[in-house]
Amino acid sequence: MVVTNNVVLPEDSELTVEEVNLSTATLRAGSFHLGKYCENQNNEFMLCRFEEKDPRKCINEGKAVTACTLEFFRKVKKTCLAEFNQYANCIDKSSGEYSFRYCRKTQDVYDKCILENLNLERPPFGYFCEVRVHDTKRPKPAVEEKAVYPDATPALPVETEKKPARFGSRFYWMTE
């Protein structure tokens, strides 16, 4: 995309939303359930970004993803705060790369709490890699046709006289 004076940028009021102000360990602890909980909004946003190829046209879809994320973490805070904090703390302090493998016991307690209270099962391994069709209510954007440019220099007519080069061939080593 080329930026010119004709490009209209959104106002700050359009872009301002409440942020998800959480640490890396906290986001990793809730990532699987969050992905499942907000799957529809995430897919809608990514489809918009892919089809429109202009992030300004997908601001509302991005706001929906943020709102869904905030809603999820607020529900977790109301129902499973102690289990979640224990799991996030384990992820934060057990390894330098926020690994899940050292925290399987606290993960199991957290998963059971989420299943009981939010009725949300932890997705199986590879769930987010599976191919799924996303049904959207947004109209499909019009396909822009590729620009076709005429040749920069038209070729000489076939019957034109072709004089020999004034200073010989460019490939002097091949002519002798």
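All of the points below concern the structure found in this document.

Right, let's talk about the overall build of the protein for a bit. Tallying secondary structure elements over the protein gives 7 helices and 0 strands in all. From first element to last, N terminus to C terminus, the protein shows the α and β order α-α-α-α-α-α-α. For 176 residues, the compact-globule formula gives about 16 Å, and the C-alpha radius of gyration of the protein, at 29 Å, lies well above that figure. With the principal axes as the frame, the protein shows a C-alpha extent of 90 × 45 × 30 Å. Looking at the protein alone, contacts between residues at least 24 apart form 72% of all its contacts between residues at least 6 apart. Looking at the protein as shown, the accessible area adds up to about 14400 Å², and 55% of this sits on carbon and sulfur atoms.

Looking at the element boundaries, S99 is found in the loop between helix 5 (81-94) and helix 6 (104-118). Residues S99 and L156, spaced 57 residues apart in sequence, show a C-alpha to C-alpha distance of 68 Å. If sequence neighbours within four positions are ignored, S99 has contacts with I91 and S94. In this structure the side chain of S99 is engaged in a polar contact, spanning 3.4 Å, whose partner is the backbone nitrogen of R101.

A few words on helix 4 (residues 59-79). Taking 1.5 Å per residue as the helical rise, helix 4 with its 21 residues ought to reach 30 Å, and the 31 Å between its terminal C-alpha atoms agrees with that figure. Burial in helix 4 covers these residues: I59, E61, V65, C68, T69, L70, F72, F73 and V76. Contacts made by the buried residues of helix 4 are with helix 1 (12-15), helix 2 (24-37), helix 3 (39-52), helix 5 and helix 6.

Looking now at the pattern of salt bridges. Enumeration over the complete set of coordinates arrives at 12 salt bridges. When the shortest N-O distance is used, the salt bridge between R132 and E39 registers 2.8 Å. With R132 in the loop between helix 6 and helix 7 (172-175) and E39 in helix 3, the pair connects residues that are 93 residues apart, well separated along the chain. Judged by its relative accessible area of 35%, R132 is partly exposed. For E39, a relative accessible area of 15% translates into the label buried. Where salt bridges share partners, they join E44, E51, E52, K57, E61 and R138 into one cluster.

Moving on to the side chain of H33. Along the polypeptide, H33 turns up in helix 2. For H33, a relative accessible area of 0% corresponds to the buried category. The contacts of H33, once residues within four sequence positions are left out, are F72, Y110, D111, I114, L120, E121 and R122.

If you walk through the whole model with that rule in mind, you get 7 aromatic pairs. Between Y127 and F128 the ring centres are 5.1 Å apart and the planes differ by 85 degrees, which places this aromatic pair in the edge-to-face class. Each residue in the set Y37, F72, F73, F84, Y87 and Y110 is aromatic and connected to the rest through ring pairs, giving one cluster. If you follow K53 out to its NZ or CZ, it ends over the ring of F50, 5.2 Å from the centre. One Lys or Arg, R132, reaches over the ring of Y127 and ends 4.2 Å from the middle of that ring.

Reading guide: rules and limits
Residues numbered from 1 in each chain as written. Predicted model: local features only at pLDDT ≥ 70, side-chain atom pairs only at ≥ 80, totals over all residues. Heavy atoms only, no water. Helix = DSSP H or I, 4+ residues; strand = E, 2+ residues; numbered from the N terminus. Rg over C-alpha atoms; globule rule 2.2 N^0.38 Å. Contact = heavy atoms within 4.5 Å. Areas by Shrake-Rupley, 256 points an atom, 1.4 Å probe, with all protein chains shown as cover. Polar contact = N/O pair within 3.5 Å; in protein donor to acceptor, adjacent residues only side chain to side chain. Expected span 1.5 Å × (residues − 1). Buried < 20%, exposed > 50% of the residue type's maximum accessible area, 1.4 Å probe, protein only. Salt bridge = Lys/Arg side-chain N within 4 Å of Asp/Glu carboxyl O. Phe/Tyr/Trp six-rings, centres within 6.5 Å; stacked < 30°, edge-to-face > 60°. Lys NZ or Arg CZ within 6 Å of the ring centre and 35° of its normal.

Nothing here speaks to function; it is all geometry.
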